[in-house]
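# Understanding the architecture of this molecule
Listed below, chain by chain, are the residues.
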Amino acid sequence: MAPTFALLVPVTSAGGSDLDRVAGKVKHALDTFSPSPGHDVVVVFGLDTDDPLLDTPSGEQALRRASGGVVRSADARCTRFVKQPRPHGTPFRMCDMWTVMAATAVRELAASFFVLIGDDVELVGCPSPGWTELVLQKFTEIAARHKLASPTFGCVALNDVSSPAFPTFPVIGKTHLDIFGRVAPPLFVNQDADPFLFAVYRRFSASAFAASVRVRNSVGGAAPRVDPPGPGGVHLASGHRKGEAGTAREACGNARVESRWPVQLTACLRAVSGSQQWSSKAPPPPPAGPAAKRAEGAKAPRYERQHVVWQFGVLHDAAAAVAAHLPGVKGKLTVDVCVPSYRADRDLLTRIARMESAETDHRVIIIIDDPDADVSWLRDVEAEAATLGKLRVRQHNRNEGASQARNSAVRECDAEWVVWLDDDVVPHAGLIDAYAQEIAAHGDQTDGFVGSTILPLKGYSGFASEFVRKYASDSLFHHAVHLSDVAFFWNVAQSGLGEALPWGVTANVCTRRVEGMAFASFIKTGGGEDIDWCLRLPRWPLRPAPAALAVHPWWHRGAPCFSRFFKWALGDCGLVEVHKQFSYMTVPNWLELNALYCMAYLVCQVAGGGAFPAVRLAKLLSATTVADLLLDLQRNLRRSDGASRCGGCKRAAGSVAAWWIKVLLDAGHCAGPLRFGLLPFCRRFDWFCGLYPTILRDERAKQRRYLAVYLAAALMCFLW
């Protein structure tokens, strides 16, 4: 028996009075959807009750004639009308009409498949054997994959050329109505049902794109340019974590709790709470300016958009309903790879966009945070048949920084797990599958896995050494980075630290998608937000995934760049206040001690000045600084932990450069809180977050030894 496809077409006269024009527009759209030979198409029109032009005998007759070019005959057997009132002042409930039209098509017209289109939608390209046959082939592949007798299970999206990665026009099989009884849950009004349907069947490897069936939507549709999540103060938890690792999660929960930070700092910690993140209201209009005027996207729809939150509980319940109805249908793990980008490097992003995985249903989401960047080449990749549905590109209308770009990616996600990558890493071919294997083995124990991000030096001999060595360096600056230990957590997964890890850098980390979580913005360029994100995961700590490897080519094509370490510290200094349970008081470091000397000098100058001359202050500052440099030099010259494989004069010069990196970090940790009127003296953050108390104990002992040397140097200055 030939399959029957139903075209569901909501039509409104929108206050017009020219019936021939309205019917002509509908006919032009429908005529492009002629079925493949041997297939049937039926049409169900959705009308507004009391539409003065269409809800009349003449209006219905005009629409029936308009459908004559696509159906077998223009009689009542192939065309139906569904009418719905549109009360004044209330949003148009398109999803309810969608359900009634679909039920009419399946039950009265014996349709096997149905797709919602509009009078503004036309088929613009489809090779032989025609669109219905190509869509049926996709459904047949899904049925064969799951060994189903009928090919009416799943979701096949047509290729919307205005937004090729978005399932704007999903073709649904009639099994969907057997499972749910309606197209979408009642909370859906007139938006979001199309990606929701695609996401439901994605959980069962039963969603696909018909890449060669190309349609154009002239009104509405998903815009490739978006507004970043609106800035707003978020008070993050600053409670206690008690006992052993993984307990007392309530102290670092996702609730909005009052912080003790000053108002200025609370404003700086901009993030998007769950309620702000997926607002039920329409997104704000883009800001005025050149970027907004150039914004791409479709024309505004003819009704007010009503968005809903569906990516968590609603999606989970729908997937559970499918599993209960068809218990034998199993799907792959779903993974979204999220990449915020300002640089928009063509080579690096193209490599990430073409990532593959045999063990997961994966998708790459790239958020371009530069409104003026030309990413037409990336949109070409997005539209390719090989990556259609596997890549989604969004571009901000304004630059908001790394955290807000990641929050935009969060809004696009619907997978079970999210892999976070920086836009300047080179992922190993097996990165996603390596995470999938760790999730299969330990996903019930944790909400996060930390991959290996290699800042490569010559002589690397670990996992995938041939791949890593292509990017290896032997420069003095790069050895200094490793000697300073600032990059320890980049490759903590291969460090042998243990099976419990406190956090990982978002250059390469995988976390479960958790409702209500968003990235805090400590500093626009990024710093500390990845640690905060990991610490707020419900099932903490994380676990290592050493085989999930990515290489991070050296910044600025290998040229020395010290300023980034100061900026990192400006950001992560906020962790001391936000996560007080992992901060501690200790003795002053060299910079704080020098600051105390300067304050003492100023006090003496105000009091009279004779007891503390400027020469003595200069001696004290020099002695403390030189002492700290010499302590770091002897430590790095004697260490044999593999941080750097260079020796001799190069090791000594690298140690000096490593000390300068530490100076910038210390300066950032002091300057950051001072911007907000807080005293940073003698407060530190435990980077291991209580998981490894021996490391913290050794660190505090080292701080005391260093202080003893500083004071001895100061005493020598007084005696000299």
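Residue numbers restart at each chain and count upward from 1, following the sequence in its written direction. The predicted origin of the model limits local features to residues at a pLDDT of at least 70 and limits the giving and counting of side-chain atom pairs to 80 or more, whereas totals for whole chains, interfaces and linings rest on all residues. Values shown for side chains rest on all heavy atoms present in the structure; no hydrogens or waters enter the calculation.

Before going further, it helps to spend a moment on the pattern of salt bridges. By salt bridge we mean one thing: a side-chain nitrogen of Lys or Arg within 4 Å of a carboxyl oxygen of Asp or Glu. If you walk through the whole model with that rule in mind, you get 35 salt bridges. Two residues, Asp-361 and Lys-390, come together in a salt bridge whose shortest N-O distance is 3.4 Å. One end of the pair, Asp-361, is in strand 11 (residues 360-368); the other, Lys-390, is in the loop between helix 12 (376-383) and strand 12 (391-396), and 29 residues separate them in sequence. Its salt-bridge partner being Asp-532, residue Arg-536 comes within 3.0 Å of it at the nearest N-O pair. Relative accessible area serves as the criterion here: at 4%, Arg-536 is assigned to the buried category. For Asp-532, a relative accessible area of 0% gives the class buried. One salt-bridge network, held together by shared partners, links Arg-202, Asp-336, Asp-361, Arg-363, Lys-390 and Asp-414. Working definition: helices are DSSP H or I runs of at least four residues, strands are E runs of at least two. Numbering for both runs from the N terminus. Relative accessible area decides the class of each residue, using a 1.4 Å probe on protein chains only: under 20% of the type maximum gives buried, over 50% gives exposed, and in between gives partly exposed.

To continue, consider empty space enclosed by the protein. A 1.4 Å probe that fits into a set of points on a 1 Å grid over the protein atoms alone but cannot get out defines a cavity; an open set with protein on both sides within 12 Å along at least five of seven lines defines a pocket, and lining residues are those with an atom within 4 Å of a point. Grid points are joined across faces, edges and corners, and a volume is the space filled by probe spheres set on the points. Taken as a whole, this structure holds two cavities of 30 Å³ or more when the rule is applied. Roughly 60 Å³ of internal volume is contained in the largest cavity. Residue lining of the largest cavity: 11 residues in total, with Val-410, Trp-420, Arg-513, Val-514 and Trp-533 positioned closest to the centre. Elements with a contribution of two residues or more to the lining of the largest cavity: strand 13 (417-421) and strand 16 (508-512). Think of it as three bins: nonpolar holds Ala, Val, Leu, Ile, Met, Phe, Trp, Tyr, Cys and Pro, charged holds Asp, Glu, Lys and Arg, and polar takes everything else, Gly as well. Partitioning the lining of the largest cavity into residue classes produces eight nonpolar, one polar and two charged.

Cis geometry marks the peptide bond from Ser-128 to Pro-129, where omega comes out at 15°. Residue placement: Pro-129 occurs in the loop between strand 5 (121-125) and helix 4 (131-146). Trp-540 connects to Pro-541 through a cis peptide bond whose omega is 10°. Structurally, the position occupied by Pro-541 is in the loop between helix 17 (529-535) and strand 17 (543-551). Despite not being glycine, Ser-205 shows a phi value in the positive range, around 50°. Tracing the backbone through its elements, the reader meets Ser-205 in the loop between helix 6 (193-202) and strand 8 (207-217).

A few words now on helix 18 (residues 563-572). With seven of 10 residues buried, helix 18 is to be regarded as a mostly interior element. Those residues of helix 18 not exposed but buried are Arg-564, Phe-565, Trp-568, Ala-569, Leu-570, Gly-571 and Asp-572.

Our next topic: the environment of Trp-490. Summarising the element assignment, Trp-490 is placed in the loop between helix 16 (476-483) and strand 16. Trp-490 sits 36 residues away from Ile-454 along the chain, and the two C-alpha atoms are 6.8 Å apart. Each residue touching Trp-490, except ones within four places of it in the same chain, is listed here: Gly-451, Ser-452, Thr-453, Leu-455, Val-505, Ala-507, His-552, Trp-555 and Trp-568. In this analysis, two residues are considered to be in contact whenever any of their non-hydrogen atoms come within 4.5 Å of each other.

Another aspect to go through is the side chain of Thr-446. Looking at the secondary structure, you find Thr-446 in the loop between helix 14 (431-442) and strand 15 (448-454). Classification of Thr-446 as buried rests on a relative accessible area of 1%. Polar contacts here mean pairs of N or O atoms no more than 3.5 Å apart (in protein, one a potential hydrogen donor and the other a potential acceptor; neighbouring residues in sequence count only if both atoms are side-chain atoms). Looking at Thr-446, its side chain comes within polar contact range of the main-chain nitrogen of Gly-448, at 3.2 Å. Setting aside chain neighbours within four positions, we find Thr-446 in contact with Trp-417, Arg-512, Arg-539, Pro-541, Leu-542 and Arg-543.

Moving on: the packing of aromatic side chains. In this scheme Phe, Tyr and Trp rings, the latter by its six-membered ring, pair at centre separations within 6.5 Å, and the angle between planes marks the pair as stacked below 30 degrees, edge-to-face above 60, and tilted otherwise. For the structure shown, the criterion picks out 33 aromatic pairs. Where Phe-5 meets Trp-131, the ring centres are 5.5 Å apart and the plane angle is 65°; that geometry is what we call edge-to-face. In this pair, Phe-5 sits in strand 1 (residues 4-11) while Trp-131 sits in helix 4, placing the two residues 126 residues apart along the sequence. Relative to Trp-555, the ring of Trp-554 has its centre 5.9 Å away and its plane inclined at 80°; by these criteria the two rings are edge-to-face. Summarising the burial analysis for this pair, Trp-554 and Trp-555 share the class buried. Counting every residue linked through ring pairs, the aromatic cluster contains Phe-477, Trp-490, Trp-554, Trp-555, Phe-562, Phe-565 and Trp-568. When the ring centre of Phe-519 is taken as origin, the NZ or CZ atom of Arg-406, which lies over that ring, is 5.6 Å away. Sitting over a ring, as applied to charges here, requires NZ of Lys or CZ of Arg to be within 6 Å of the ring centre and within 35 degrees of the ring normal.

Next up on the list: the packing of helix 20 (residues 590-607) against helix 22 (residues 648-674). Interaxial angle, 0 to 180 degrees, is taken between N-to-C directions of lines fitted to C-alpha atoms, where a helix line uses only the stretch in contact. At a minimum axis separation of 9 Å, helix 20 and helix 22 run at an interaxial angle of 60°. When the axis of helix 20 is compared with that of helix 22, the two are oblique. On the side of helix 20, the interface is formed by Trp-590, Leu-591 and Glu-592, while helix 22 contributes Lys-662, Val-663, Asp-666, Ala-667 and Cys-670. Among the residues forming the contact of helix 20 with helix 22, the class breakdown is five nonpolar, no polar and three charged. Here the word oblique covers every angle except those under 35 degrees (roughly parallel), over 145 (roughly antiparallel) and from 65 to 115 (roughly perpendicular).

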